[in-house]
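# Examination of the molecular architecture
Chain residues, written in single-letter form:
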Amino acid sequence: MALSGREQEVVGAVPTGLVVGGAQREGAGGGRIDVEDPATGEVFASVADATADDGRAALDAAVAAQAGWAATAPRERGEILRRAFELITERADNLALLMTLEMGKPVAESKGEIAYAAEFFRWFSEESVRISGRWSVAPNGASRLLTMKQPVGPCLFITPWNFPMAMGTRKIGPAVAAGCTMVVKPASSTPLSMLALAQIMSEAGLPDGVLNVVTTSTTGEVMEPLIRDPRLRKLSFTGSTEVGRRLVEQSAEQLLRVSMELGGNAPFLVFPDADLDKAVEGAMQAKMRNGGEACTAANRFLVHREVAEAFSARLAQRMGAMKVGRGTEDGVQVGPLVDAATRDKVADLVGDAVGRGATVRVGGEQVGERGYFYAPTVLSDVPDDARLLAEEVFGPVAPVVTFDDDDQAVAMANDTEFGLVAYVFTQRLDRALSVVERLETGMVGLNAGIVSNPAAPFGGVKHSGFGREGGAEGIEEYLETKYVGLST
Ligand code: NAP
């Protein structure tokens, strides 16, 4: 299926070279990386393929720009972010279409991500002028203690395909605000949104060399020398725990500052006193936002035995009514999964659960012959040993498991190496507080199916990583504390 005229126009407007020191360039090896529409499996664009030399050139540019950028007035840095926020907002329709073409989610959801992504720039435009230190008198009165905040220095950002723009802006926003320069490497399957963003940043007035973008098909070979380069001062990664762990090992050599936003296995707890309407609505958000391809996606529905049947039946009814199709079509609520491997993994996990005795309430199969579609699926009677209770499904599959009391619910929720987010549905305050305090996660949605918010600290514990993005905490990841002792 060929792209429509408007789709071609939107794709054609994106510069597809590497961005190094403000200039567009091809990869030194001359190669290109194909970009595929997951709704059809067809290639519709290509981008430059960087070699290790190109990666080094991008870091050279970031290092060269660092001192000048750190010396730029905070207000000026903030205003560049503010202008970028406005440009993204003005162009939201085209950016959303571009994102849907490369990633698959429905255009309405892409628009939601564009707004979310832009908000990080608005938030950090306001934070840039609030960076401050402390002045105090030493306890014995003999000296003065001055504490100042300074930019960490050149950063490397590696981002995933599931939120191709927002996972970038929540790193770029605070780095720009703090006065850091950067090299950004978007996921190979969704490079266009980041390249479009780089163009916007340049139009907004970001000086050359502050933001460099490298797209590559030889990711490990191009990234590892940068991580081991003594000029790099910070690595921020969003992606799988498996890759994150490898990057932490590499970053040990230079003792880099590191932030890791990794995988999740979110429990969604429904207690017997929950408002079931709210719980089902929250479940739809927590499960189906981004088609289930979110680190925050509810992965395990832990439901009290008394309400499990009613909850499962209502969730199956809502999930089964969702329209599946290409994300550009009117009324589509669920797009394709990002690629064949992701779809096959979802099918495999469902097959494993069913093979061990789970009941398919709705869905449980691929949809159509072309593209990577999988039907919204609810499974009940899922046995404890089903793999999908331990692994990230990253697709539209909701396994329901029952519990009998609060202690058991908390134990089941914490029975995972991950700890990004949990969702809790109850109307009792005492129960809510007791459960929330005992959950081993970085975030909790209390009677809420979405927690992401640029003004809040996003991040996990355990194998979901460390560091926080967004909120007042977000900029701290890009600031060093320097203490000066003054004798009097
Ligand atoms: P991934 O395979 O880990 O890839 C993420 C990024 O890492 C991509 O840019 C990828 O590049 C790059 N990468 C892969 N191998 C690398 C290596 N050896 N060295 C350096 N970089 C490397 O993860 P994904 O499948 O794209 O994303 C899904 C995962 O991200 C899920 O686990 C999800 O939970 C997690 N996630 C977490 C958060 C959070 O905030 N906690 C948010 C969103 C997603 P290529 O594309 O070129 O391979």
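### With respect to the packing of aromatic side chains
As enumerated under the stated definition, the model contains nine aromatic pairs in all. Where Phe268 meets Phe425, the ring centres are 4.8 Å apart and the plane angle is 20°; that geometry is what we call stacked. Of this pair, Phe268 sits in strand β12 (residues 266–270) while Phe425 sits in strand β19 (residues 421–425); the two residues are 157 residues apart in sequence, bridging distant segments of the chain. Of the two residues, Phe268 and Phe425, neither departs from the other in class, the shared state being buried. Aromatic rings pair up to connect Phe268, Phe301, Phe311, Tyr423 and Phe425 into one cluster. Here the guanidinium or amino end of Arg289 rests over the ring plane of Tyr116, the centre of that ring lying 5.9 Å away.

### With respect to the sheet that holds strand β17 (residues 377–380)
Taken in spatial order, the seven strands make up an open sheet running β14-β17-β18-β13-β12-β19-β20, and their pairing is mixed. Lying at the two open borders of the sheet, with one neighbouring strand each, are β14 (359–362) and β20 (443–446). Averaged over neighbouring strand pairs, the angle between their axes works out to 25° when direction is ignored. Strand contacts of helix α11 (residues 305–320): β12, β13 (298–304), β14, β17 and β18 (397–403), with the helix running at about 140° to β13, the strand carrying the most contacts. Sitting on the sheet, helix α12 (residues 340–355) is in contact with β14, β17 and β18, with an inclination near 25° to β17.

### What about empty space enclosed by the protein?
Summed over all chains, the structure comprises six cavities of 30 Å³ or more. Counted as a void, the largest cavity has a volume near 60 Å³. Lining the largest cavity are Gln285, Ala286, Lys287, Arg289, Ala294, Thr296, Ala297, Tyr423, Gly449, Ile450, Val451 and Ser452. Among the elements that line the lining of the largest cavity, the one with the most residues is helix α10 (residues 276–288), at three residues. Considering only residue class, the lining of the largest cavity consists of six nonpolar, four polar and two charged.

### Some remarks on unusual backbone geometry
You will see that Asp381, though not glycine, has its phi angle at about 55°, which is positive. Turning to its location among the elements, Asp381 is positioned in the loop between β17 and β18. The backbone phi angle of Lys462 is positive, close to 50°, even though this residue is not glycine. Relative to the helices and strands, Lys462 is located in the loop between β20 and β21 (465–466).

### Considerations on the sheet that holds strand β5 (residues 134–137)
Sheet strands pair by backbone hydrogen bonding; their relative direction is either parallel or antiparallel. Read from one edge of the open sheet, three strands run β5-β6-β22, paired in antiparallel fashion. At either margin of the open sheet sits one strand with a lone partner, and together these are β5 and β22 (479–487). Here the strands of the sheet are splayed against their neighbours by 20° on average, with no regard to which way each runs. The pairing of strand β6 (residues 143–151) with β22 spans nine bridges and is antiparallel. By the bridge assignment, Leu145 is partnered in β22 with Gly485.

### Some thoughts on the packing of helix α3 (residues 74–90) against helix α7 (residues 192–203)
Angle between the axes and distance between the axes are the two parameters that describe a pair of packed helices. At their nearest, the axes of α3 and α7 sit 9 Å apart, and the two run at 130° to each other. In terms of their interaxial angle, α3 and α7 are classed as oblique. α3 and α7 meet at a crossing whose hand is right-handed. The residues of α7 that touch α3, namely those facing Leu81, Ala84, Leu87 and Ile88, are Leu197, Ile200, Met201 and Glu203. Per-class residue counts for the contact of α3 with α7 are seven nonpolar, no polar and one charged.

### Side note on the layout of surface pockets
Here the largest pocket is characterised by a volume of approximately 930 Å³. Along its surface, the largest pocket is lined by 41 residues, and Pro160, Trp161, Gly239, Ser240 and Val243 are the ones closest to its centre. Per-class residue counts for the lining of the largest pocket are 18 nonpolar, 12 polar and 11 charged.

### Examining helix α6 (residues 166–178)
With 13 residues, α6 should cover 18 Å at 1.5 Å per step; its first-to-last C-alpha distance of 18 Å lies within 8% of that length. Downstream of α6 by a residue or two, Gly179 has a phi angle that is positive, lying close to 95°.

### Comments concerning the state of the cysteines
What the rule picks out here adds up to zero disulfides. Residue Cys180 stays outside any disulfide, its sulfur separated by 4.2 Å from that of Cys155, the closest cysteine.

Criteria and cut-off values
Residues numbered from 1 in each chain as written. Predicted model: local features only at pLDDT ≥ 70, side-chain atom pairs only at ≥ 80, totals over all residues. Heavy atoms only, no water. Phe/Tyr/Trp six-rings, centres within 6.5 Å; stacked < 30°, edge-to-face > 60°. Helix = DSSP H or I, 4+ residues; strand = E, 2+ residues; numbered from the N terminus. Buried < 20%, exposed > 50% of the residue type's maximum accessible area, 1.4 Å probe, protein only. Lys NZ or Arg CZ within 6 Å of the ring centre and 35° of its normal. Pairing = 2+ DSSP bridges. Axes fitted to C-alpha atoms, helices over the stretch in contact; angles between N-to-C directions. Contact = heavy atoms within 4.5 Å. 1 Å grid on protein atoms, 1.4 Å probe; cavity = no way out; pocket = protein on both sides within 12 Å on 5 of 7 lines; lining within 4 Å. Points joined across faces, edges and corners; volume = space filled by probe spheres on them. Nonpolar A, V, L, I, M, F, W, Y, C, P; charged D, E, K, R; others polar. Parallel < 35°, antiparallel > 145°, perpendicular 65-115°, else oblique. Left-handed = near helix turned anticlockwise from the far one by under 90°. Expected span 1.5 Å × (residues − 1). Disulfide = S-S within 2.5 Å.

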